[in-house]
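Chain by chain, the residues run as shown.
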Amino acid sequence: NHTLLTDFVLSGLSSSPGLQHLLFFALCFIYSMTLIGNLLICTVTVHPTLHTPMYFFLRVLSFLDISTASVVVPKMLVNLLSEDRSISYMGCVTQLYCVVFLGATEWYLLAAMAYDRYVAVCSPLRYAATMNTRACLSLVLLSCCSGKVVSVVQTAWVFTLSFCGPRRINYFFCDIPPLVVLSCTDTSPYEKQIVSATVLVIFTPFCLILLSYACIISSILKISSAESRHRTFSTCSSHLTVVTLYCASGTLIYLQPKSSNSQDTKKILALIYTTVIPTLNPLIYSLRNKEVKQVLIRVM
């Protein structure tokens, strides 16, 4: 006697009319900065002087950031100004699939980028042979395939659950935790599975990134030039700050998917995860880079 749902309703970030308009303009600004910053990186890193593995990975990262923000933010902006906040069942499936796919792919790509930096700093004489075009394309393809597998499995798991109660999602996009809360079936097996998936998708790449940077820092300490040490340390600390922020927000969102008491906190973390970090990445990874700034000035 379960009712077949044809759509869901997204509650959004806030129900206050005044706050909704403020959020609309703030998110418009953030989304614009995300598009401008990442499109600049995609454009500038095509320049012949930046044809290196690091900038190739940065170009792919910028594309993923644009895609992540575009999957979530436009629908959220429409809902902030509209009374009809419904999303079709298949629309919800598609949005969840895209969010998980892009998030998982980005994590694996960040691990690949950390490996690239490790080879560049710790084995500079073998760098050109190790990180050739084929190796870079293989790492990106492996990241995408891994993200696709994770996304297919997670999306299939969520939408095999029965939704026979309320259809209002206490969130601003279709994600795993709020959808699991709506299910009227026993979700304990799925909660164990989501913990395993979180460890596989977030903690494993995070540990590899930390290991790579530990080796990098060890090599940096052997550099005699204080200026070179400071510059490299500054770059590493910036990268690790973004990765840690990404890891912390993702872990807190997904480790307790059935907890409905902390949905407001999870909304804030998801907002950071899907809109703020894609805006920060161009600043942290590229626009502070001297070579990128020189090419950008030349192109403009």
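Scroll up a little and you will see the structure.
About the thresholds
Residues numbered from 1 in each chain as written. Predicted model: local features only at pLDDT ≥ 70, side-chain atom pairs only at ≥ 80, totals over all residues. Heavy atoms only, no water. Helix = DSSP H or I, 4+ residues; strand = E, 2+ residues; numbered from the N terminus. Buried < 20%, exposed > 50% of the residue type's maximum accessible area, 1.4 Å probe, protein only. Axes fitted to C-alpha atoms, helices over the stretch in contact; angles between N-to-C directions. Left-handed = near helix turned anticlockwise from the far one by under 90°. Nonpolar A, V, L, I, M, F, W, Y, C, P; charged D, E, K, R; others polar. Phe/Tyr/Trp six-rings, centres within 6.5 Å; stacked < 30°, edge-to-face > 60°. Contact = heavy atoms within 4.5 Å. Pairing = 2+ DSSP bridges.

**Some remarks on the overall build of the chain**
Across its full length, the chain holds 10 helices and three strands. Going from N to C terminus, the chain has its helices and strands arranged as β-α-α-β-α-α-α-β-α-α-α-α-α. In terms of its C-alpha atoms, the chain occupies a principal-axis envelope of roughly 70 × 40 × 30 Å. Across the 300 residues in the chain, those meeting the buried criterion constitute 46%.

**As for the packing of helix α3 (residues 89-122) against helix α5 (residues 133-158)**
Running from N to C, α3 and α5 cross one another at 145°; their axes reach a closest spacing of 7 Å. In terms of crossing hand, the pair formed by α3 and α5 is right-handed. Each residue belonging to the contact of α3 with α5 can be placed in one class, and the counts come to 16 nonpolar, seven polar and one charged.

**What about the packing of aromatic side chains?**
Counted under the stated rule, the structure contains 14 aromatic pairs. Ring geometry for W107 versus Y246: centroids 5.2 Å apart, planes at 10°, classification stacked. Within this pair, whereas W107 is found in helix α3, its partner Y246 is found in helix α8 (residues 226-254), the two being separated by 139 residues in sequence. Using a relative accessible area of 0% as the deciding quantity, one classes W107 as buried. Seen in terms of ring centroids, Y115 and Y118 are 6.3 Å apart; in terms of plane orientation they differ by 35°. Their pairing is tilted. Placement of the pair is Y115 and Y118 together in helix α3, with a separation of three residues, close to one helical turn.

**What to know about the side chain of S62**
Tracing the sequence through the fold places S62 in helix α2 (residues 53-81). Among all residues touching S62, those that are not within four sequence positions of it are N38, I41 and C42.

**Re the environment of M113**
You can see M113 is positioned in helix α3. For M113 and L58, which are 55 residues apart along the polypeptide, the C-alpha to C-alpha distance reads 8.3 Å.

**Thoughts on the sheet that holds strand β3 (residues 168-169)**
With mixed pairing, three strands are arranged side by side in an open sheet as β2-β1-β3. The open sheet has two edge strands with one neighbour each: β2 (86-88) and β3. As judged from the two bridges shared by strand β1 (residues 7-10) and β3, these two strands associate in the parallel manner. Looking at the pairing, L10 lines up with I169 of β3. Of the strands in this sheet, β1, β2 and β3 touch α3, which is tilted by about 85° from β2.

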